[in-house]
Amino acid sequence: MDDVDAAFPDTSTLERVLDLAANAPSAGNAQPWRWLVGRRGVQLAADWQRRRGDSRSDRGDVLLSCGAVLHHCVVALAAAGWASRVHRFPEAEVLASISLDPRPAGAGSLELAEAISRRRADRRPFRGTLPAGTIEQLVVRAARFDVEVSVVPTARWARLGEAEYALRYDDDGAQQLDEEAAMLVLATGTDNDLARLRAGEALSDLTLAAAALGLVTCPLTEPLRDPRSRLALACEVFDGAAYPQALIRLGQQSVGEPLPPPGRRPVAETTTFALG
Ligand SMILES: Cc1cc2nc3c(=O)[nH]c(=O)nc-3n(C[C@H](O)[C@H](O)[C@H](O)COP(=O)(O)O)c2cc1C
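Computed from a prediction, not measured in an experiment: that's the story for all the values here.

Conventions used here
The numbers attached to residues start from 1 for each chain and follow its sequence in the written order. Local features in this predicted model are restricted to residues whose pLDDT is 70 or higher, and side-chain atom pairs enter the listing and the counts only when it is 80 or higher, whereas totals over whole chains, interfaces and linings include all residues. Note that water and hydrogens are dropped before the side-chain values are worked out from all heavy atoms of the structure. Nearness of a residue to a molecule or strand requires only that one of the residue's heavy atoms be within 4 Å of it. For the purposes of these results, a polar contact is taken to be a pair of N or O atoms within 3.5 Å, where, inside protein, one atom must be able to donate a hydrogen and its partner to accept one; residues adjacent in sequence count only when each atom of the pair is a side-chain atom. Here the accessible surface of atoms and residues is derived via Shrake-Rupley with a 1.4 Å probe, and residues count as covered only by protein chains that are part of the display. Note that Gly is not counted as nonpolar here; it falls among the polar residues with everything else outside the nonpolar set of Ala, Val, Leu, Ile, Met, Phe, Trp, Tyr, Cys and Pro and the charged set of Asp, Glu, Lys and Arg. Domain start and stop positions are those given by an automatic or database domain assignment. Each residue gets a pLDDT score, which is the predictor's confidence in that residue and runs from 0 to 100. When checking whether two residues touch, look at their non-hydrogen atoms; a contact exists if any pair is within 4.5 Å. When DSSP finds two or more bridges between two strands, those strands count as paired. We count a stretch as a helix when DSSP gives it H or I for four or more residues in a row; a strand needs E for two or more, and each element gets its number in order from the N terminus. UniProt positions are given in the numbering used here, feature names are shortened, and annotations may be inferred rather than shown by experiment. Remark: nonpolar core denotes a set of buried residues (Ala, Val, Leu, Ile, Met, Phe, Trp, Tyr, Cys) joined through side-chain atoms within 4.5 Å. Remark: exposure states derive from per-residue accessible area (1.4 Å probe, protein chains only) relative to the maximum for the residue type, with buried under 20%, exposed over 50%, and partly exposed in between.

Some words on the site of the ligand
Thinking step 1. In the neighbourhood of the ligand, 16 residues make up the surrounding shell, with R119, R120, A121, R123 and R264 lying closest.
Thinking step 2. One of the backbone N or O atoms of S26 is found 3.4 Å from an oxygen atom in the ligand.
Thinking step 3. Within the side chain of R264, one N or O atom sits 2.5 Å away from an oxygen atom of the ligand.
Thinking step 4. About the coverage of the ligand: the protein hides 92% of its 620 Å² of free accessible area.
Thinking step 5. Residue classes in the shell around the ligand are distributed as seven nonpolar, four polar and five charged.
Thinking step 6. Of the domains in this structure, domain 1 (3-117 + 261-273) and domain 2 (126-254) are the two that each give at least three residues to the shell around the ligand.

Laid out in structure tokens, this is it:
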């Protein structure tokens, strides 16, 4: 066995890691990603055929979802004893390449990895107030991804139905359903593909950190599809200096039993192993 092989996880470890990473949230559960595992590293690409439409928002959803699976993968690798060095957009058609070094898992990574299978996009009403300091903690976490987090003023969003949320800058008189949740907005200083990938990584980190704290979340981009609402939110919350990329509804607990996980694509379908 040469040095390259000695410093790289075996195929079954990588299959387990990618299987765990596949639990990442994605818009419409589209899972629009592809993995290429080589002898020295792992590459992530977007599967554009799985985007839901041709709009700017549909493209953004793919990049956010790929950012989320990238972060899930880095967490799963860390828990398996492999530290990642991530190079974003290293070449055309590649969103990220990950190279790996063996390193014992830290407590933080183990905690996040353990939360992966418990996190769900929970669209039910939330109950109870958040523990003091929760939002500050998430703001600090997001900054590590160059992502700003702020709270959407309560008067500016509404839960309109079973799984329907809206921003209320263009108020049509819609009634807020009974709800005790905070709505967070994740925003970036630029509005390009790299920023959207990073916002997806932050979205993953925040939802896993919340799950590790026993809190419930639901990522949302649907309410940002209306460009006027998105701009109004940017102006009100960030003084026009940052671009909203995603929302996360955050609460203490949801009404009802734990949600069953929606289906995921098997690793064999998303991954090419090129180890020869
Ligand atoms: C970028 C992104 C955008 C999303 N937008 C919405 C949304 O607008 N409304 C919604 O109900 N869920 C939204 N979700 C949640 C997904 O529907 C959910 O992650 C997916 O169905 C898988 O379910 P799970 O997260 O419980 O595993 C979004 C998720 C991501 C990553």
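On we go from here.
Observations concerning the confidence of the model for the protein
Thinking step 1. Chain-level statistics for the protein give a pLDDT mean of 94 and a share of 96% at 70 or above.
Thinking step 2. Contacts from residues 1-5, a stretch scored under 50 in pLDDT, to residues over four places away or in other chains number five contacts.

Some thoughts on the pairing of strand 4 (residues 94-102)
Thinking step 1. Bridge analysis of strand 2 (residues 41-46) against strand 4 gives four bridges, and the strand direction is antiparallel. Bridge pairing in strand 4 links L44 to A96.
Thinking step 2. Sheet analysis places strand 3 (residues 82-91) next to strand 4, joined by eight bridges and oriented antiparallel. Across the sheet, residue H87 finds its bridge partner in strand 4, namely S97.
Thinking step 3. The turn joining strand 3 and strand 4, which pair antiparallel and follow one another in sequence, is formed by two residues; a positive phi near 75 degrees is taken by E93.

Points about the UniProt feature "domain: Nitroreductase" (unreviewed entry) in the protein
Thinking step 1. Sites flagged by UniProt as "domain: Nitroreductase" (unreviewed entry) map to residues 9-38.
Thinking step 2. This span, residues 9-38, is 37% helix and 17% strand, and a straight line between its end C-alpha atoms measures 11 Å.

A few points about the nonpolar core
Thinking step 1. Counting residues in hydrophobic clusters, the biggest one holds 28 residues, and the most contacted among them are W35, L44, C66, C73, L77 and I98.
Thinking step 2. Counting residues per element, the ones that place at least two in this core are helix 2 (11-21), strand 1 (33-37), strand 2, helix 3 (56-79) and strand 4.
Thinking step 3. Ranked by residue count, the leading element in this core is helix 3, at nine residues.
Thinking step 4. When residues no more than four places from it in sequence are discounted, the contact partners of I98 are W35, R40, G41, V42, L70, C73, L77, S84, R85 and V86.

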